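Survey of secondary and tertiary structure
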Amino acid sequence: MKKRLVRWLAFLAAAMFLFTGCGAKDFSMKEDMGIKVDGKWYPIFQDAAPLLSALGSDYELFAAPSCLYDGEDKEFAYAGCSVFTNPGNGGIDVWYIIRLTDDSLETARGIKVGDTKDAVVKAYGDKYYMESDYQMVYSISGKQGDLASPCMIIDFENDKVSCIEIYYPTNV
């Protein structure tokens, strides 16, 4: 009886492991769509001021009149990342893209520029689609071509992460 119980528990543990994508959680808005800077979480599609303050004042600013909103669309270009904003209600800038171009920042699950494709899949699972030969996408909807779905776009060069974009579509 005890032997049967041990085998049954081992079977259940193996089944749970297989059906949960080897432990990787689904890509989610709350847990994946944002960035940590010095241990503090900054969710996407929020006031950009706290995130920009955490990143520091050493940036180059590019601004242009917004095609969709009253005010200016902006890019805050830092040495290892860029933050893109749209004008929001009340005169605030709302951030909708962060582009990581070096290993100084990492995603919510610890992926950064220079990591391997295998490391990305281990962290995020296999519920992604390839947008091109070099571009992997994890999206909230999980549907390729869903331009309204918040997503993370990962570019690869020689099987290593070369750029990460965390993106919330604001123009749909």
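How each quantity is defined
Residues numbered from 1 in each chain as written. Predicted model: local features only at pLDDT ≥ 70, side-chain atom pairs only at ≥ 80, totals over all residues. Heavy atoms only, no water. Helix = DSSP H or I, 4+ residues; strand = E, 2+ residues; numbered from the N terminus. Buried < 20%, exposed > 50% of the residue type's maximum accessible area, 1.4 Å probe, protein only. Contact = heavy atoms within 4.5 Å. Areas by Shrake-Rupley, 256 points an atom, 1.4 Å probe, with all protein chains shown as cover. pLDDT = per-residue confidence, 0-100. 1 Å grid on protein atoms, 1.4 Å probe; cavity = no way out; pocket = protein on both sides within 12 Å on 5 of 7 lines; lining within 4 Å. Points joined across faces, edges and corners; volume = space filled by probe spheres on them. Nonpolar A, V, L, I, M, F, W, Y, C, P; charged D, E, K, R; others polar. Polar contact = N/O pair within 3.5 Å; in protein donor to acceptor, adjacent residues only side chain to side chain. Salt bridge = Lys/Arg side-chain N within 4 Å of Asp/Glu carboxyl O. Core = buried A, V, L, I, M, F, W, Y, C linked by side-chain atoms within 4.5 Å. Lys, Arg positive; Asp, Glu negative; His and termini not counted.

Moving on, we come to the overall build of the protein. Within the protein one finds four helices and ten strands. Overall, the protein shows an N-to-C arrangement of helices and strands of α-α-β-β-α-β-β-β-β-α-β-β-β-β. Residue burial in the protein is summarised as follows: out of 172 residues, 37% are buried. Considering only intrachain contacts with a sequence separation of at least 6, the fraction spanning at least 24 residues in the protein is 39%. As presented, the protein carries roughly 10500 Å² of accessible surface, and 54% of it is formed by carbon and sulfur atoms.

This brings us to the confidence of the model for the protein. Taken over all residues, the pLDDT of the protein has a mean of 88, while the share at 70 or more is 86%. Counting contacts from residues 1–22, a segment whose pLDDT is below 50, to residues more than four positions away or on other chains yields two contacts.

On to the layout of surface pockets, then. The computed volume of the second largest pocket comes to approximately 160 Å³. Elements with a contribution of two residues or more to the lining of the second largest pocket: strand 7 (129–132), strand 8 (135–139) and strand 9 (151–157). When its residues are assigned to classes, the lining of the second largest pocket shows six nonpolar, three polar and two charged.

Note on backbone geometry: most residues besides glycine have negative phi, and most peptide bonds are trans. For Phe45, which is not glycine, the phi torsion reads 60° and is therefore positive. One non-glycine residue, Asp159, adopts positive backbone phi at about 65°. Here Asp159 lies in the loop between strand 9 and strand 10 (160–167). The exposure class of Asp159 is exposed, given its relative accessible area of 52%.

Now for the side chain of Glu165. As for its position among the elements, Glu165 is in strand 10. Look at Glu165 and you get buried, because its relative accessible area is 16%. A distance of 2.6 Å separates a polar atom in the side chain of Glu165 from a polar atom in the side chain of Arg99.

Right, let's get into the pattern of salt bridges. On inspection of all chains with the given rule, the structure shows six salt bridges. One salt bridge in this structure joins Asp93 and Lys74, with 3.0 Å as the shortest N-O distance. One end of the pair, Asp93, is in strand 6 (residues 93–100); the other, Lys74, is in strand 4 (residues 72–77), and 19 residues separate them in sequence. Among the residues examined, Asp93 registers a relative accessible area of 17% and is labelled buried. Among the salt bridges present, the one from Lys112 reaches Asp115, with a minimum N-O distance of 3.8 Å. Taking relative accessible area as the criterion, Lys112 reaches 25% and is therefore assigned partly exposed. Judged by relative accessible area, which is 17%, Asp115 ranks as buried.

Here we take up the nonpolar core. Counting residues in hydrophobic clusters, the biggest one holds 30 residues, and the most contacted among them are Ile35, Ile98, Val120 and Ile154. Listing elements by their share of this core, those giving two or more residues are strand 1 (34–37), helix 3 (49–55), strand 5 (81–87), strand 6, helix 4 (117–124), strand 8, strand 9 and strand 10. Formed by eight residues, the second largest nonpolar core is a distinct cluster that contains Phe84, Ile97, Tyr129 and Val137.

Looking at the element boundaries, Asp155 is found in strand 9. Here Asp155 occupies a buried position and makes no salt bridge, while the nearest side chain of opposite charge, Arg99, is found at 7.0 Å. Discounting chain neighbours no more than four positions away, the residues touching Asp155 are Tyr134, Gln135, Lys160, Val161, Ser162 and Cys163.

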